[in-house]
2 protein chains.
Amino acid sequence: MDISRDAPIGVFDSGVGGLTVLDELLVALPAEDFVYFGDTAFFPYGDKSPERLRERAIAISDWLLGHGVKLIVIACNTATAAALDHLQRACPVPVMGVMAPEAHAAVQTTRNRRVGLLATVATVDSGSYSRMVGAHDAGVEFTSVACPELAPAIQDGDPFGHEVADLVRGYVAPLREADVDTVILGCTHYPVVDKLLRRALPGVTLIKSGEELAREVAESLARRELLRGADREGEYSFACSGDPAQFATLGARFLQMPLGDVLQHDPEEG
Amino acid sequence: MDISRDAPIGVFDSGVGGLTVLDELLVALPAEDFVYFGDTAFFPYGDKSPERLRERAIAISDWLLGHGVKLIVIACNTATAAALDHLQRACPVPVMGVMAPEAHAAVQTTRNRRVGLLATVATVDSGSYSRMVGAHDAGVEFTSVACPELAPAIQDGDPFGHEVADLVRGYVAPLREADVDTVILGCTHYPVVDKLLRRALPGVTLIKSGEELAREVAESLARRELLRGADREGEYSFACSGDPAQFATLGARFLQMPLGDVLQHDPEEG
């Protein structure tokens, strides 16, 4: 298959969290077009089996490939863990996920070789970040903190309220104790409360999936000579499997930009 | 007067805009205490005379000095233009304002010596930024764009909606035309739509008052040996002259952190 430079980039996630990844992609690659799919009807991915998630990821990728995408981004930790390898084997275009870029960046960044992780229970339990960090530098001391209540509080409550502030203070305590100088935000919801986290972790460098993945995508397209010329402003469009109005409202808060019309689509109905 | 290292830092503004400055101060100086005053009953400052603004600034500074502050930050362009010199002469503690730090940073940052400015009509008309940039490098080509509708749209409307996105696109057009590589965000409201601005100005470095002023305050306190030890989490408190509930709600959006209780106070009633 001959990949066209003028084709859009496809991005998907279980919902709105991946929009913090898309927003970094939009800033890093302003000339590119993007198609985003939020699998809101299937949200949350955390309680689905890896087999179901792989089927779902294949169905979504087929839909994105139907839009002629030149590259697919999995903007979700759970889907990356369950389906990245599988999609990379199955798809005729490059597929990239979160985790590997942040793990690499954290090792490049730390000075005292103490790295922390804030993530969901599933992501911490999988041990993926710890393994990936260890693969780059086996001498790094790695401290993980599972934050079961943080992503739901950011999504369903007031992200700038006292509840989230108190949660953050509690979750970072073990990282301060461990004297880490670099912390991976291992969940796409967390950059929404970037300011709170920066204040709760003074002197610590925060590594975000979105920023690192955007850099990786840009470099990868550049090496393949698939980047569009800089003389245009790219477009972006959205679809979701659940309620489009709800997606648009919640989404603008995560993207920090307007979403425009949101299409509704069931990926498994073809 | 002997200034105590353990004293809080005072910050004031005509309303909530200065909270984007406070939020950088809170991140840069996590061990310091802050007292913030939002002069919401007197908002907007843009239509008041310089004499009235000086009186008002003196009254607010007296109140902050009554709280024993070790340094006063004017987190507002209009108040800095009207009252900085005056307060610096009148106050027994250092007083710092916006504009000078950003102007210096812009000159340090530009590679092609083309610098742009986005600001209110009053700020552009005052010519302050242009003079300050010129004082650091007379060879810089300076392009100003007055954005009369942007701050009101961010404050009163949906900052992540289409109206703001369209406004931003229009206002940055002359800066893209002028091929600037560095743009000063000359109004404390603009960092709220940072993501939109970054996308609208690809490849351009954005200079924000809050970040530059926070760096200046930190350096200044460090040189004077007035920085607090890093072994504590500082506190912050708020007062305003208008409706405290409204201030708390709108303020959390600008600060991206919870505000807690807001005290109501009329600075000219003493």
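Here is what the cut-offs are and how they apply
- Residues numbered from 1 in each chain as written.
- Chains lettered and ligands numbered in written order.
- Predicted model: local features only at pLDDT ≥ 70, side-chain atom pairs only at ≥ 80, totals over all residues.
- Heavy atoms only, no water.
- Salt bridge = Lys/Arg side-chain N within 4 Å of Asp/Glu carboxyl O.
- Pairing = 2+ DSSP bridges.
- Helix = DSSP H or I, 4+ residues; strand = E, 2+ residues; numbered from the N terminus.
- Axes fitted to C-alpha atoms, helices over the stretch in contact; angles between N-to-C directions.
- Contact = heavy atoms within 4.5 Å.
- Expected span 1.5 Å × (residues − 1).
- Buried < 20%, exposed > 50% of the residue type's maximum accessible area, 1.4 Å probe, protein only.
- Least-squares fit on C-alpha atoms with pLDDT ≥ 70 in both.
- Domains from an automatic or database assignment.
- Buried area = accessible area lost by both parts, 1.4 Å probe.
- Polar contact = N/O pair within 3.5 Å; in protein donor to acceptor, adjacent residues only side chain to side chain.
- Parallel < 35°, antiparallel > 145°, perpendicular 65-115°, else oblique.
- Left-handed = near helix turned anticlockwise from the far one by under 90°.
- Nonpolar A, V, L, I, M, F, W, Y, C, P; charged D, E, K, R; others polar.
- Phe/Tyr/Trp six-rings, centres within 6.5 Å; stacked < 30°, edge-to-face > 60°.

## Side note on the pattern of salt bridges
- One pass over the structure, following the stated rule, counts 42 salt bridges over all chains.
- Each of Asp39, Arg52, Glu55, Arg56 and Glu268 of chain A takes part in one network of salt bridges that share partners.

## Considerations on the sheet that holds strand S1 (residues 9-13) of chain B
Residues and elements named next belong to chain B.
- Strand order in this open sheet of six strands is S4-S3-S1-S2-S9-S10, and the pairing throughout is parallel. The open sheet is flanked by strand S4 (95-97) and strand S10 (262-264), the only strands paired with a single partner. Along the sheet, successive strands turn relative to each other by an average axial angle of 20 degrees, direction set aside.
- Relative to the sheet, helix H1 (residues 19-28) contacts S1, strand S2 (34-38), strand S3 (71-74) and strand S9 (236-240), its axis offset from that of S2 by approximately 175 degrees.
- Of the strands in this sheet, S1, S3 and S4 are in contact with helix H3 (residues 77-90), which crosses S4 at around 160 degrees.

## Describing helix H2 (residues 50-66) of chain B
All names here are of chain B.
- Between its first and last C-alpha, H2 extends 24 Å over 17 residues, near the 24 Å set by a 1.5 Å rise per residue.
- Residues Leu53, Arg56, Ala57, Ala59, Ile60, Ser61, Trp63 and Leu64 constitute the buried set of H2.
- Taken together, the buried residues of H2 touch S1, S2, S3, H3, S9 and S10.
- Following H2 by one or two positions, Gly68 adopts a phi angle in the positive range, close to 70 degrees.

## Focus on the relation of the copies chain A and chain B
- Mapping chain A onto chain B leaves a residual RMSD of 0.0 Å; the transformation is a rotation of 180 degrees accompanied by 0.0 Å of translation along its axis. Accordingly, the operation relating the two chain copies is best matched by a two-fold axis. For chain A, the smallest separation between a C-alpha atom and the rotation axis is recorded for Arg253 of chain A, amounting to 5.4 Å.
- Interface overlap between copies: 100% of the residues of chain A at the interface are likewise at the interface in chain B, consistent with a symmetric, same-surface contact.

## Re the sheet that holds strand S6 (residues 141-146) of chain A
Residues and elements named next belong to chain A.
- Across the sheet, which stays open at both edges, the four strands sit in the order S6-S5-S7-S8 with parallel pairing between neighbours. Two strands in the sheet have a free side with no partner beyond their single neighbour: S6 and strand S8 (205-208). On average, each strand axis in the sheet is tilted by 25 degrees relative to the strand beside it, whichever way the strands run.
- As paired strands, strand S5 (residues 114-119) and S6 are joined by six bridges and run parallel to one another. Following the sheet pairing, Gly116 is matched in S6 by Thr143.
- Its contacts with the sheet place helix H6 (residues 128-136) against S5, S6 and strand S7 (182-185), and it is angled at close to 165 degrees to S6.
- Each of S5, S6 and S7 touches helix H8 (residues 162-177); the most contacted strand, S6, lies at about 165 degrees to it.

## Structural notes on the pairing of S5 of chain A
All names here are of chain A.
- Here S5 lies mainly inside the structure; five of its six residues are buried.
- Two strands pair when backbone bridges link them, and S5 and S7 are joined in this way by four bridges, in the parallel orientation. Bridge pairing in S7 places Gly116 opposite Val183.

## Examining the domain arrangement of chain A
Residues and elements named next belong to chain A.
- Taken domain by domain, chain A comprises domain 1 (9-97 + 211-269) and domain 2 (100-209).
- Placing the centre of domain 1 and that of domain 2 at their C-alpha centroids yields a distance of 23 Å.
- Listed as interface residues are 16 residues of domain 1 and, on the opposing side, 18 residues of domain 2.
- When domain 1 packs against domain 2, the two sides together hide about 1,500 Å² of surface, and 56% of this comes from carbon and sulfur.
- When residues of domain 1 are sorted by the area they lose upon contact with domain 2, Asn77, Glu212 and Arg253 head the list and together hold 37% of the total.
- Salt-bridge contacts for Lys208 lead to Glu211; the nearest nitrogen and oxygen are separated by 3.8 Å.
- The interface formed by domain 1 and domain 2 contains eleven residue pairs in polar contact (both at pLDDT 80 or more).
- When residues of the side of domain 1 that touches domain 2 are traced back to their parent elements, those giving at least two are helix H1 (19-28), helix H10 (209-223) and helix H11 (244-255).

## A closer look at the interface of chain A and chain B
- Contact residues are listed per partner, giving 28 residues for chain A and 28 residues for chain B.
- When the two sides are added together, the surface that chain A and chain B hide from each other amounts to roughly 2,700 Å², 55% of it contributed by carbon and sulfur.
- The largest per-residue losses of area from chain A upon contact with chain B belong to Phe160, Lys195 and Arg199 of chain A, which jointly make up 32% of the total buried on that side.
- Across the contact surface, chain A and chain B share six salt bridges.
- Arg169 of chain A serves as the salt-bridge partner of Glu233 of chain B, at 3.2 Å between the closest nitrogen and oxygen.

## Observations concerning helix H4 (residues 100-109) of chain A
- For H4 of chain A, the set of buried residues is Pro101, Glu102, Ala103, Ala105, Ala106 and Val107 of chain A.
- Contacts from the buried residues of H4 of chain A go to strand S4 (95-97), S5, H6, S7, S8 and H10 of chain A.

## Observations concerning the packing of H1 of chain A against H10 of chain A
All names here are of chain A.
- For the pair H1 and H10, interaxial distance at closest approach is 8 Å and the crossing angle is 45 degrees. When the axes of H1 and H10 are compared, the pair comes out oblique. When the axes of H1 and H10 are compared, the crossing they make is right-handed. Within the contact between the two elements, H1 uses Thr20, Val21, Glu24, Leu25 and Ala28 and H10 uses Gly210, Glu211, Leu213, Ala214 and Val217.
- Looking at side-chain class alone, the contact of H1 with H10 contains six nonpolar, two polar and two charged residues.

## As for the packing of aromatic side chains
- Evaluation of the coordinates by the stated rule reveals twelve aromatic pairs over all chains.
- For the pair Phe238 of chain B and Phe247 of chain B, a centre-to-centre distance of 6.3 Å together with 50 degrees between the ring planes defines the contact as tilted.
- Using a relative accessible area of 3% as the deciding quantity, one classes Phe238 of chain B as buried.
- Judged by its relative accessible area of 2%, Phe247 of chain B falls in the buried class.
- Following the ring pairs from residue to residue traces out a cluster consisting of Tyr36, Tyr236, Phe238 and Phe247 of chain A.

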